[in-house]
Amino acid sequence: LLQPSVPPVPNYKLCMSIPEWLQAIQTYMKMLQYNHTGTQFFEIRKTRPLSGLMETAREMTRESLPIKCLEAVILGIYLTNGQPSVERFPISFKTHFSGNYFHHVVLGIYCNGRYGSLGMSRRSDLMDKPLTYRTLSDLIFEFEDSYKKYLHSVKKVKIGLYVPHEPHSFRPIEWKQLVLNVSKMMRTDVRKELEKFARDMRMKILKPSSAHSPVKERSRGKSLSPRRRQASPQRRPCRRDKS
């Protein structure tokens, strides 16, 4: 049997523009193909540190197996590392169709005042979007309109924080800094919330929600209860207290 072809991992060249580079990454992921087998080839735990997820991404490039949407987000982060002008953040969707709920995630991209995305899906218009959207809300509404073509109604949208360009970071990805129940909101209100969030992200004033819960970061074996104050030395009992 002939050996299956292994797509070459794209390399950034100085002559490339950022949109061309993103297109090369998306073309590479399409060559890996979408995983229709029902078997998850790579374990992706969202709580893992970024360094561990980047090791999984390297394994994806070595194995060249089909991937799904969550794996595509991790691979997209790995391949765009080292491009500080390209900000990456996860965008998650919860949709409803025919009595069932579905979940999907793509990698949002912000560069030079424009938004776009990278990703993988069974549907060609629910993955990558060109770097042409002026606002984050325009990008989200484009996905919502694409879902309508397949009779899916978007219930919730979750936006994470920018992923740092530090492949050895031990901090996990912030997946849902902003959660919008869009099915119960007017589009004007959704746009207002998204633009406020996008502005704060560009100013990088938002902090990961995990920063407010340091208890989770404590190592095993240490007590999670507050320290007790040292008890004062007890007096020796008097003789008359003895029986």
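Residues numbered from 1 in each chain as written. Predicted model: local features only at pLDDT ≥ 70, side-chain atom pairs only at ≥ 80, totals over all residues. Heavy atoms only, no water.

- In the nomenclature of an unreviewed UniProt entry, the chain corresponds to VASH2 protein from the organism Eudromia elegans.

1. Regarding a positive patch on the surface
Then, in step 1: A surface patch of positive charge is lined by K46, K156, K176 and K184.
Then, in step 2: Locating K46 in the fold gives a position in the loop between helix 1 (18–32) and helix 2 (50–63).
Then, in step 3: K46 sits in the partly exposed class, given a relative accessible area of 37%. (Patch = residues over 30% accessible without salt bridge, like charges linked within 9 Å, V, L, I, M, F, W, Y side chains within 5 Å. Areas by Shrake-Rupley, 256 points an atom, 1.4 Å probe, with all protein chains shown as cover. Salt bridge = Lys/Arg side-chain N within 4 Å of Asp/Glu carboxyl O. Lys, Arg positive; Asp, Glu negative; His and termini not counted. Charge placed at Lys NZ, Arg CZ, Asp CG, Glu CD. Helix = DSSP H or I, 4+ residues; strand = E, 2+ residues; numbered from the N terminus. Buried < 20%, exposed > 50% of the residue type's maximum accessible area, 1.4 Å probe, protein only.)

2. Considering the side chain of Q26
Then, in step 1: For Q26, the location among the structural elements is in helix 1.
Then, in step 2: Of note is the side chain of Q26, whose polar atom sits 2.8 Å from the backbone oxygen of G119.
Then, in step 3: Setting aside residues up to four positions removed in sequence, Q26 forms contacts with L118, G119, M120, M127 and D128. (Polar contact = N/O pair within 3.5 Å; in protein donor to acceptor, adjacent residues only side chain to side chain. Contact = heavy atoms within 4.5 Å.)

3. Side note on unusual backbone geometry
Then, in step 1: Within the chain, Q33 stands out as a residue other than glycine whose phi angle is a positive 75°.
Then, in step 2: For Q33, the location among the structural elements is in the loop between helix 1 and helix 2.
Then, in step 3: Unlike most non-glycine residues, S64 shows phi in positive territory, near 55°.
Then, in step 4: Within the secondary structure, S64 sits in the loop between helix 2 and helix 3 (69–80).
Then, in step 5: Given a relative accessible area of 17%, S64 falls into the buried group.

4. Concerning the nonpolar core
Then, in step 1: Within the largest apolar cluster, 36 residues are counted, with the highest numbers of intra-cluster contacts made by M29, I67, I74, L75, I77 and I173.
Then, in step 2: By residue number, the principal contributor to this core is helix 3, which donates 8 residues.
Then, in step 3: One finds F141, V157, L180 and A198 within the second-largest nonpolar core, a separate group that totals 27 residues. (Core = buried A, V, L, I, M, F, W, Y, C linked by side-chain atoms within 4.5 Å.)

5. Observations concerning the sheet that holds strand 3 (residues 114–118)
Then, in step 1: Taking strand neighbours across the sheet as the criterion, the 6 strands line up as 4-3-2-1-5-6 in an open arrangement whose pairing is antiparallel. Either end of the sheet is taken by a strand with one partner, and the two such strands are strand 4 (129–133) and strand 6 (178–180). Geometrically, the sheet is characterised by an average inter-axis angle of 25° between neighbouring strands, direction not taken into account.
Then, in step 2: Together, strand 1 (87–97), strand 2 (100–111) and strand 3 form the strand contacts of helix 3, whose direction differs from that of strand 2 by roughly 10°. (Pairing = 2+ DSSP bridges. Axes fitted to C-alpha atoms, helices over the stretch in contact; angles between N-to-C directions.)

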